[in-house]
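# Structural characterization, general
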Amino acid sequence: MSSFLELAQEVARDSGTVPGHQPVSVTGQSGRLAKIIAYTRDAWVHIQNHRPDWPWMRAGFTGTTLPGEAAYTAASWNIADAAAWLLEPGGISVYAQELGPDDEGPLAVLPWSVWRQRYGCGPAAAGRPVAVAVRPGDGALMLGPTPARAYVIRGQYRRTPQVLAADGDVPALPVRYHALIRWRALMLLAEHDEAPYLADTAAAHYHALLDALERGLTADDAGAVPVLAMEMPA
């Protein structure tokens, strides 16, 4: 397992441009060390954004509806790291709170235009939600019909990229692939330094390890890219 500081130290060492065991911290640095730290941080963000279906970037959510309220943003359910709802068929479910999970069933996922025509025009009839869509603009989950009472909604969302900040921060990546971050950071550093040999070497290691990671994904995780809702506003 590699921490942010350890990864930055590995990048500094492999660059061949920094003497000793540096940096001693990822904060308070300047010059060359600050660039190495920044490229290490950026490398991890680049890797997370490389695919929309990385399994470690998926998370589950559970939220409770309010009677008469159809719209629910991530903030409505205190989800702080949501980038997009995952709208796979059968992936979002509902059950009446007082009945519990024995009452659980899937919600149909509708395009926004269809949801609006069925549930967003004219008087809103309250009842048990049977469908869900994503509202453009704020990325709210829209339930239809409007909940008549408290229902529990369960599903998954894609997380926003993790940003490394402190010495001890550990990437949410399978440990055996942590070297991906080092090689990607060295690619960025080599591009900055116009060092083609280092760039080619780092790229070869990076792509070989990235291919291994992608091949290691299970069929359920990588058989098809999940249907992603509209990106949520920052």
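Located above this text is the structure these notes cover.
First, a word on what this report is: a plain description of the structure on this page.

Thresholds, definitions, all that
- Residues numbered from 1 in each chain as written.
- Predicted model: local features only at pLDDT ≥ 70, side-chain atom pairs only at ≥ 80, totals over all residues.
- Heavy atoms only, no water.
- Helix = DSSP H or I, 4+ residues; strand = E, 2+ residues; numbered from the N terminus.
- Buried < 20%, exposed > 50% of the residue type's maximum accessible area, 1.4 Å probe, protein only.
- Pairing = 2+ DSSP bridges.
- Axes fitted to C-alpha atoms, helices over the stretch in contact; angles between N-to-C directions.
- Parallel < 35°, antiparallel > 145°, perpendicular 65-115°, else oblique.
- Left-handed = near helix turned anticlockwise from the far one by under 90°.
- Contact = heavy atoms within 4.5 Å.

### Notes on unusual backbone geometry
For the bond from Gln22 to Pro23, the omega torsion is -10°, close enough to zero to count as cis. Here the bond from Gly144 into Pro145 is cis, since omega is -5°, no more than 30 degrees from zero. The topology assignment puts Pro145 in the loop between strand S9 (141-144) and strand S10 (146-147). Within the chain, Asn78 stands out as a residue other than glycine whose phi angle is a positive 60°. Note that Asn78 resides in the loop between strand S2 (71-72) and strand S3 (82-86). In this structure, Glu194 takes a positive phi of about 55° despite not being glycine. Checked against the element boundaries, Glu194 lands in the loop between helix H4 (179-193) and helix H5 (196-216).

### Considering the pairing of S9
Going residue by residue along S9, you find Leu141 and Leu143 tucked away on one face and Met142 and Gly144 tucked away on the opposite face as well. Where S2 and S9 come together, two bridges link them in antiparallel fashion. Counterpart to Tyr72 in the pairing with S9 is Leu141. In terms of strand pairing, strand S8 (residues 131-134) meets S9 through four bridges, oriented antiparallel. The residue of S9 that forms the bridge with Val134 is Leu141. Counted between consecutive antiparallel strands, the loop separating S8 from S9 contains six residues, among which Gly137 sits at a positive phi close to 100°.

### A few points about the packing of H4 against H5
The relative placement of two packed helices comes down to the angle between their axes together with the axis-to-axis distance. One way to put it is that H4 packs onto H5 with a least axis distance of 8 Å and a crossing angle of 150°. Judged by the inter-axis angle, H4 sits roughly antiparallel to H5. Remark: the crossing between H4 and H5 carries left-handed chirality. Residues Ala179, Leu180, Trp183, Arg184, Leu186, Met187 and Ala190 of H4 pack against Leu198, Ala199, Ala202, Ala203, His205, Tyr206, His207, Leu209, Leu210 and Leu213 of H5.

### Let's talk about the sheet that holds S8
Overall, mixed pairing links the four strands, which are arranged S2-S9-S8-S6 in an open sheet. With one partner strand each, in any of the chains shown, S2 and strand S6 (108-109) form the two edges of the open sheet. Of the strand pairs in this sheet, S6 and S8 are connected by two bridges, and their pairing is parallel. Across the sheet, residue Ala108 finds its bridge partner in S8, namely Ala131. Those strands touched by helix H3 (residues 112-119) are S8 and S9, and its axis lies near 125° from that of S8.

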